[in-house]
Amino acid sequence: MRLRGKVAVITGAGRGIGRASAIRFAEEGAKVTVVDIRCDLGEETVQRIRDAGGEAHHACTDVTKEDEVKAMLDDTVARWGRLDILFNNAGIVAVKFLEEMSEAEWDRLMNVNVKSVFLAVKHAVGHMRKQGGGTILNTASIGSFVGQFKTPAYIASKGAVMLLTKSLALDYAADNIRVNCVCPGVVDTPMVREHLEASGDADARARERAARIPLGRFLTSEEIAQAALYLVSDEAAGVTGVAHVVDGGLLASFEYDGSWAAKEKH
Ligand SMILES: NC(=O)c1ccc[n+]([C@@H]2O[C@H](COP(=O)([O-])OP(=O)(O)OC[C@H]3O[C@@H](n4cnc5c(N)ncnc54)[C@H](O)[C@@H]3O)[C@@H](O)[C@H]2O)c1
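Residues numbered from 1 in each chain as written. Predicted model: local features only at pLDDT ≥ 70, side-chain atom pairs only at ≥ 80, totals over all residues.

**Re unusual backbone geometry**
Move 1: Although it is not a glycine, Lys 150 adopts a positive phi angle of roughly 60 degrees.
Move 2: The exposure class assigned to Lys 150 is exposed, which follows from the 12 C-beta atoms found within 10 Å.
Move 3: The backbone of Asn 176 shows a phi angle near 60 degrees, a positive value even though the residue is not glycine.
Move 4: Residue placement: Asn 176 occurs in the loop between helix 5 (152-172) and strand 6 (177-184).
Move 5: The class for Asn 176 is partly exposed, based on 15 C-beta atoms found within 10 Å. (Buried ≥ 20, exposed ≤ 12 C-beta atoms within 10 Å, placed from the backbone. Helix = DSSP H or I, 4+ residues; strand = E, 2+ residues; numbered from the N terminus.)

Here it is in structure tokens:
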């Protein structure tokens, strides 16, 4: 087991990438605090882990609230005696032009996607330092590297998460705390499905988007969880400050058309 004896906190673990990671980390022996603002979803993740013989509990925490985040981390340490892994994964997206966004919407997005990392790291590093080290993983995006149409606030937030990751890696290296981010491409999660459905013909939109990905498909949450597992495990003991892209080849090309590629190949 790759995480035997480790204690992990995973935010946004009620569904999507966070849930898949919580299940995967627990399979590898970690005790997991499943954090989600949606209590029903968090409870369901915990139940799945317990049904499979793993150990987890749910914290119905809003990652934008300092008192709630601190209490959740302190409670994890009180419950299990340590904190080895902090995976800041909770995030939201807004598909809107900048001029259509209210100040409240901008603030909410930045708070969930960026301030949450500040708050959790602020209150986790003391625990990690005391025990001799730990590892922090943040969910950034391929949107940390390039822009995307009609999502300026989201892309700005993910750019911030990547450079926050690199800066924190420097600040805490001497404490034996590694800090990395995973940068997913298009992943088939409830977040993505909801936006496809809001855009009208979800299946047609999904096919169009998949054709622009060299591997020809959306990634699964489990594939991102697998990369996350590597980054938080001792196998990545020498890895800090990296932005680990898992995108099916999307960032490798400035222009890719799956139907054209298929014609050329056959
Ligand atoms: N799905 C993709 O294609 C994709 C691509 C790149 C990056 N990401 C990033 O991956 C992360 C997970 O995305 P997902 O697709 O699994 O999303 P998702 O919406 O399916 O799951 C996110 C979870 O975060 C929770 N959450 C939202 N706000 C919260 C808050 N304030 N406090 C606590 N929990 C909160 C939600 O309730 C939800 O359960 C996000 O940071 C997202 O930006 C996703």
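**Description of the pairing of strand 4 (residues 85-88)**
Move 1: Residues Ile 85 and Phe 87 of strand 4 are buried on one face, and the alternating residues Leu 86 and Asn 88, pointing to the opposite face, are buried as well.
Move 2: Sheet analysis places strand 1 (residues 7-11) next to strand 4, joined by three bridges and oriented parallel. Bridging from a neighbouring strand, Ala 8 pairs with Ile 85 of strand 4.
Move 3: As judged from the four bridges shared by strand 4 and strand 5 (residues 134-139), these two strands associate in the parallel manner. Across the sheet, the residue bridging to Phe 87 is Leu 137, located in strand 5.
Move 4: Read from strand 4 through helix 4 (residues 103-131) to strand 5, the crossover connection turns out right-handed. (Pairing = 2+ DSSP bridges. Right-handed = clockwise from strand over helix to strand, strands pointing away.)

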